[in-house]
Structure formats: structure tokens, C-alpha cells
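# Structural features, examined
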Amino acid sequence: MKRYKLRIPAPAGRLETVIDDPEADRQGLLLVAHPHPLHGGSLDNKVVTTLAKAANEAGWVSVRPNFRGVGMSDGAFDAGMGETDDLLAAARFVEASYPGLPWALAGFSFGAFVQHRLRRELPAKRLILVAPAVTMYEFEPVPPDTVVIFGEADELIPPPAIRLWAEKQQLTTKAIPGAGHFFHGKLKELKQAFLEACPC
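Residue positions within a chain follow its written sequence, with the count starting from 1. Where local features are concerned, this predicted model is filtered to residues with pLDDT of at least 70; where side-chain atom pairs are given and counted, the filter is 80 or more; whole-chain, interface and lining totals use all residues. Hydrogens and waters are ignored; side-chain quantities use all the structure's heavy atoms.

### Some thoughts on the packing of aromatic side chains
Only the six-membered ring of Trp is used, alongside the rings of Phe and Tyr, when aromatic pairs are assigned; centres must lie within 6.5 Å, and planes under 30 degrees apart are stacked while those over 60 apart are edge-to-face, with the rest tilted. Following the criterion strictly, the structure yields nine aromatic pairs and no others. The interplanar angle of 50° and the centroid separation of 5.7 Å between the aromatic rings of F77 and F110 together place this pair among those described as tilted. Within this pair, whereas F77 is found in the loop between β4 (60–65) and α2 (81–95), its partner F110 is found in helix α3 (residues 110–118), the two being separated by 33 residues in sequence. Remark: exposure states derive from per-residue accessible area (1.4 Å probe, protein chains only) relative to the maximum for the residue type, with buried under 20%, exposed over 50%, and partly exposed in between. Taking relative accessible area as the criterion, F77 reaches 29% and is therefore assigned partly exposed. Taking relative accessible area as the criterion, F110 reaches 1% and is therefore assigned buried. Following the ring pairs from residue to residue traces out a cluster consisting of F67, F77, F110, F113, Y137, F139 and W165. Helical segments are the DSSP runs of H or I of at least four residues, strand segments are the runs of E of at least two, and each set is numbered from the N terminus.

So, in C-alpha cells, the structure goes:
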């Protein structure tokens, strides 16, 4: 496994980004978006790193940017709009080094909101939304093969709201019993659900 720490050019300036590359038999690229920047979200979030490591083990290159204004990333919080533009710029920068590899997109909470917006502009084999903040942001319809993963004990986004949003679009859902919003003590179950959802 090779790790690259970059500051990628984007509309907000430069985005601090960590890329983990398994190098041998690469299957694709996974772009992971972290939770809310103003509430401690970063590329080091344990849910984000769990998804990245799972993808790495399956032969996928993981790409974890810090949103604008987080860590060493330039800019300031833009409620998901500018963040979407930044992620698209990061994806275009990264894919130039990995021509021909497909994308998968994963986002956690606020990151799920950003990724559902990015999916309209970036073709991907799969969109995976983890604990999507559907009661906090205006989510638009997503591709039918999108997978929604959430905890049945989510204390921030009511599980019935997530389930209803997904069912209206006939999306596949994976509910993890006993898991709260941050999946404390449930990362193993989250990893399994992600691997079942990911085309990796």
C-alpha cells in the first residue's frame, strides 16, 4: 500500500487529500466524502477511514479529501455547493493518474449530500450514502443502483426518515441494528455492509 498526501488544486484553492493506493491489480477509485466540516468532520473521521480501508483491501484506490476550510484545505464552508465543485476538481485531478479506472462514490452524513450532488456530474459505478442527512438538506433523486446504509439507532437523522426517502426511490437499504449516527462499536458491521454495497 502506498500513501500519497497531496494538496490538489480546486476552486477554493488547494484541497488536502490522502490517497491510499494498493498498487497491484487496481479495480477502481473510491472517492470518500467526510461529515460536516463545522462539526469536526475531516478525512480522518473513523467512518471515512473504515470505508477507505475496506475499499483498499478489495483492490480499490481510496481518495479522501478534506473539504474546503478543513485541515490544510483552503477556503471556507459553502453548505455543500462549493464542496461539490471541489470534489469534482479533485476527482478530475486524480483520475488523470489512473486512466480507465471506474469511480465509486461514498459519503457520510453531510458528505452523502455532497456526493449525491457530485454524482450528477461524475459517472460512477456506485453511489453509497452512509447515514445521509436527508432531514437537514434537500436531497434530489439519485440513480436507482444507489445503496443507503444507516444505523437503526441513529440519534441525529431519524431512521424512519432515511428509510422513507430511500423507499420512495426503491433504493437498496442496509440497516445496521444498534448503530448510532457515528457507528460507535459498529465499524465492523459498517465495513461488511459497505463491501456488500460496493462494486469492489
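### Quick look at the layout of surface pockets
The rule is simple: put a 1 Å grid over the protein atoms alone, call a set of points where a 1.4 Å probe fits but cannot get out a cavity, call an open set with protein on both sides within 12 Å along at least five of seven lines a pocket, and count a residue as lining if it has an atom within 4 Å of a point. Grid points are joined across faces, edges and corners, and a volume is the space filled by probe spheres set on the points. Its volume calculated, the largest pocket comes out at about 190 Å³. What lines the largest pocket is a set of 15 residues, and nearest its centre among them are H36, H39, S109, L156 and F182.

### Some thoughts on the pairing of strand β8 (residues 172–176)
The two faces of a sheet get side chains in turn, since along a regular strand they alternate between them. Where strand β7 (residues 147–151) and β8 come together, five bridges link them in parallel fashion. The residue bridging F150 from the neighbouring strand is A175, located in β8. Convention used here: a crossover is right-handed provided that the path from the first strand, over the helix, to the second strand proceeds clockwise when the strands point away from the viewer. Between the parallel pair β7 and β8, the chain is carried across by helix α4 (residues 159–168), and the sense of this crossover is right-handed. A pair of strands is considered paired only if DSSP assigns at least 2 bridges between the two.

### Remarks on α4
Burial in α4 covers these residues: P159, I162, W165 and A166. Angular distribution of buried residues about the axis of α4 spans 130°; they occupy a single face of the element. Those residues of α4 that are exposed and angled more than 90 degrees off the buried face are P160 and K168. Whether two residues are in contact is decided by their heavy atoms, any of which lying within 4.5 Å being enough. Those residues of α4 hidden inside the fold are in contact with β6 (126–130), β7 and β8. Downstream of α4 by one or two residues, Q170 has phi in the positive range, about 60°. Taking the helix axis as origin, the arc is that swept by the directions to the C-beta atoms.

### Thoughts on the packing of helix α1 (residues 46–57) against helix α5 (residues 187–197)
In this description, a line fitted to the C-alpha atoms serves as the axis of each element, helices being fitted only across the stretch in contact, and the angle between N-to-C directions of two axes falls anywhere from 0 to 180 degrees. It is at 10 Å that the axes of α1 and α5 come closest, and there the two elements cross at 50°. One way to sum up the angle between α1 and α5 is to call them oblique. Helix-helix and strand crossings are classified by hand; for α1 and α5 the assignment is right-handed. Contact residues: K46, V47, T50, L51, A54, A55 and E57 in α1; L187, L190, K191, F194 and L195 in α5. Classifying every residue of the contact of α1 with α5 gives eight nonpolar, one polar and three charged. With respect to orientation, any angle under 35 degrees is reported as roughly parallel, any angle over 145 as roughly antiparallel, any angle of 65 to 115 as roughly perpendicular, and every other angle as oblique. For a crossing to be left-handed, the near helix must be turned anticlockwise from the far one by less than a right angle; the clockwise case is right-handed. Three classes are used, and their members are as follows: Ala, Val, Leu, Ile, Met, Phe, Trp, Tyr, Cys and Pro are nonpolar, Asp, Glu, Lys and Arg are charged, and the others, Gly among them, are polar.

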